[in-house]
Amino acid sequence: MITQNDFDCLCTLWTLLGQLKKQIHLQKESEKAQVVFQIKKYIDDHFSLALTLDMLAKAFHMHPIYLQRKFKNDTGMTPMEYQKKTRIAKAKTYLLSTDLTVCAVSELCGFCNTSYFIRVFKDSEGVTPLQFREQTNRLNLQYVT
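This section reports on the structure supplied with the text. (Residues numbered from 1 in each chain as written. Predicted model: local features only at pLDDT ≥ 70, side-chain atom pairs only at ≥ 80, totals over all residues. Heavy atoms only, no water.)

Considerations on the overall build of the chain
Piece 1. Of regular secondary structure, the chain possesses seven helices and zero strands.
Piece 2. Reading the helices (α) and strands (β) of the chain from amino to carboxyl end gives α-α-α-α-α-α-α.
Piece 3. For 145 residues, the compact-globule formula gives about 15 Å, and the C-alpha radius of gyration of the chain, at 25 Å, lies well above that figure.
Piece 4. Its C-alpha atoms put the chain at 85 × 40 × 20 Å along the principal axes.
Piece 5. Here the chain holds 145 residues, and 26% of them are scored as buried.
Piece 6. For the chain, the proportion of contacts with a sequence separation of at least 24, taken over those separated by at least 6, is 53%.
Piece 7. For the chain, the centre of its 19 positive side-chain charges and the centre of its 14 negative side-chain charges are spaced 4 Å apart. (Helix = DSSP H or I, 4+ residues; strand = E, 2+ residues; numbered from the N terminus. Rg over C-alpha atoms; globule rule 2.2 N^0.38 Å. Buried < 20%, exposed > 50% of the residue type's maximum accessible area, 1.4 Å probe, protein only. Contact = heavy atoms within 4.5 Å. Lys, Arg positive; Asp, Glu negative; His and termini not counted. Charge placed at Lys NZ, Arg CZ, Asp CG, Glu CD.)

Thoughts on the side chain of Gln83
Piece 1. You can see Gln83 is positioned in helix H4 (residues 79–97).
Piece 2. Residue classification places Gln83 among the buried residues on the basis of a relative accessible area of 5%.
Piece 3. Separated by 2.9 Å, the side chain of Gln83 and the backbone oxygen of Leu49 make a polar contact.
Piece 4. If we ignore the near neighbours within four places in the chain, the residues touching Gln83 are Ile43, His46, Phe47, Leu49 and Leu51. (Polar contact = N/O pair within 3.5 Å; in protein donor to acceptor, adjacent residues only side chain to side chain.)

Observations concerning the packing of aromatic side chains
Piece 1. If you walk through the whole model with that rule in mind, you get six aromatic pairs.
Piece 2. Geometrically, the ring pair formed by Phe121 and Phe132 is edge-to-face, given 5.5 Å between the ring centres and 70 degrees between the ring planes. With Phe121 in helix H6 (residues 114–125) and Phe132 in helix H7 (residues 129–144), this residue pair connects regions lying 11 residues apart in the sequence.
Piece 3. In textbook terms, an aromatic cluster arises when at least three aromatic residues are bridged by ring pairs, as seen for Phe111, Tyr116, Phe117, Phe121 and Phe132.
Piece 4. The residue whose ring lies beneath Arg87 is Phe111, and the NZ or CZ to ring-centre distance is 5.4 Å. (Phe/Tyr/Trp six-rings, centres within 6.5 Å; stacked < 30°, edge-to-face > 60°. Lys NZ or Arg CZ within 6 Å of the ring centre and 35° of its normal.)

A short note on the side chain of Arg87
Piece 1. By secondary structure assignment, the location of Arg87 is in helix H4.
Piece 2. For Arg87, which is buried and forms no salt bridge, the nearest opposite charge comes from Asp44, at a distance of 10 Å.
Piece 3. Non-local contacts of Arg87, meaning those with residues more than four positions away in its chain, are made with Phe47, Ser48, Leu49, Ala50, Cys109, Gly110 and Phe111. (Salt bridge = Lys/Arg side-chain N within 4 Å of Asp/Glu carboxyl O.)

Overview of unusual backbone geometry
Piece 1. One non-glycine residue, His61, lies in the positive phi region at around 55 degrees.
Piece 2. With respect to the element layout, His61 can be found in the loop between helix H2 (53–59) and helix H3 (64–75).

Purely spatial values, then, with no claim about function.
Written out as structure tokens, the structure reads:
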């Protein structure tokens, strides 16, 4: 026969188990988000390398399909799309802060050839790298004068 005290203990135990389950779930979600953060950092640090999904999967001890799905669910883009976006951002920085040629910027950002770089840049920014540099320099001159 179960007494009121036994029943109260079971209820308390049930509540504690529910809270523990919630905490474990939150911790797992936090760890998953941390993995995506680490993958993004890895791509940011190695943006100029010819990374592949398989290379990332091996580096993070994950199956390539799971890694891509997890990354896309958390960021809205695939790891390779993120790498391309990062490369374009770096290219814009180089174009604005140096006098490097488009070919040199292309190489520094890890693009396989300059024509491909120009096409990707134009698809992303709506202008070629040289047009981007010229337009930005023109705008900067207008603000200075």
